[in-house]
Amino acid sequence: MRTSSLVKHFGPRFVIHGDLDSFIKQGIDPQHQQLKNGVTPCDNKFGKEQIDDWGSLYTNNSDEEILVPSPAGDYCAFYRHLFDTIKHQAPLPCDNQLALDMAQIIEASQHSNDSNQVIML
C-alpha cells in the first residue's frame, strides 16, 4: 500500500497480469455505497459503475487501453437464488467448483499482497 497526503490519485484497486494480457481496475463494486447514498435496488442505476471505475484491459494484440465496465451487480438476485436453493432445493447460485476456484484466487491475491510477491495459479 502507498500513502501520502500529497498524492491526489492513489492508483488502481486491482492489477492482474497474465501471460498475454493485463487488467487494471480502479474502483470496487458500487452497490454498498449506493445503498448508503439512498439508491435502491429498484433504481435502474443500482449496481452500475461510473466510467472512472471501469477496468482497463491491455492485450498482447494491441497497445491500446480497452475500457471494460463490470457487469452490474445484483445482491438481490444472488440472495433470491440462495433462498430458492435453501427453501426449494433449487440449484446453487454458482457451482461448487467455481466457488472453490474463486476462493483460491482470493486467497492467492491476499497472499500476494501480504508478501509482495507474484503468486502463480
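Since we're looking at a predicted model, the values are computed, not measured.

1. Focus: the sheet that holds strand β4 (residues 66-68)
Pairing is antiparallel across the open sheet formed by four strands, whose spatial order is β1-β2-β3-β4. Two strands lie at the open edges of the sheet, namely β1 (14-17) and β4, each paired on one side alone. The mean inter-strand angle of the sheet, taken between neighbouring strand axes irrespective of direction, is 20°. As judged from the four bridges shared by strand β2 (residues 22-25) and strand β3 (residues 55-58), these two strands associate in the antiparallel manner. Directly across from S22, in β3, lies its bridge partner Y58.

2. Remarks on the pattern of salt bridges
Applying the stated criterion to the full structure yields one salt bridge. E49 is paired through a salt bridge with K25; the nearest N and O atoms lie 2.4 Å apart. With E49 in the loop between α1 (31-36) and β3 and K25 in strand β2, the pair connects residues that are 24 residues apart, well separated along the chain. You can call E49 buried: its relative accessible area is 14%.

3. Topic: a nonpolar patch on the surface
On the surface, a nonpolar cluster with roughly 520 Å² of combined accessible area is contributed by L98, M102, I105, I106 and L121. Residue position: I106 is located in helix α3 (residues 96-115). I106 gets classed as exposed once you look at its relative accessible area, which sits at 54%.

4. Focus: the layout of surface pockets
Empty space among the atoms can be located by rolling a probe the size of a water molecule over them. Taken as a whole, the largest pocket spans an internal volume of roughly 2000 Å³. R13, F14, V15, I16 and S109 are the residues nearest the centre of the largest pocket, which is lined by 41 residues in total. Secondary structure elements with two or more residues in the lining of the largest pocket: β1, β2 and α3. Considering each element in turn, the lining of the largest pocket owes the most residues, eight residues, to α3. Taken together, the residues of the lining of the largest pocket break down into 19 nonpolar, 15 polar and seven charged. Here the second largest pocket is characterised by a volume of approximately 200 Å³. As for the second largest pocket, its lining consists of D29, C94, L98, A99 and M102. In the lining of the second largest pocket, the residues fall into four nonpolar, no polar and one charged.

5. Observations concerning the packing of aromatic side chains
In this structure the tally under the stated criterion is one aromatic pair. Judged by centre distance (5.1 Å) and plane angle (85°), the ring pair of F78 and Y79 falls under edge-to-face. Exposure remark for Y79: the relative accessible area of 53% places this residue in the exposed category.

Basis of the calculations
Residues numbered from 1 in each chain as written. Predicted model: local features only at pLDDT ≥ 70, side-chain atom pairs only at ≥ 80, totals over all residues. Heavy atoms only, no water. Pairing = 2+ DSSP bridges. Helix = DSSP H or I, 4+ residues; strand = E, 2+ residues; numbered from the N terminus. Axes fitted to C-alpha atoms, helices over the stretch in contact; angles between N-to-C directions. Salt bridge = Lys/Arg side-chain N within 4 Å of Asp/Glu carboxyl O. Buried < 20%, exposed > 50% of the residue type's maximum accessible area, 1.4 Å probe, protein only. Patch = residues over 30% accessible without salt bridge, like charges linked within 9 Å, V, L, I, M, F, W, Y side chains within 5 Å. Areas by Shrake-Rupley, 256 points an atom, 1.4 Å probe, with all protein chains shown as cover. 1 Å grid on protein atoms, 1.4 Å probe; cavity = no way out; pocket = protein on both sides within 12 Å on 5 of 7 lines; lining within 4 Å. Points joined across faces, edges and corners; volume = space filled by probe spheres on them. Nonpolar A, V, L, I, M, F, W, Y, C, P; charged D, E, K, R; others polar. Phe/Tyr/Trp six-rings, centres within 6.5 Å; stacked < 30°, edge-to-face > 60°.

Just distances and angles here, no functional claims.
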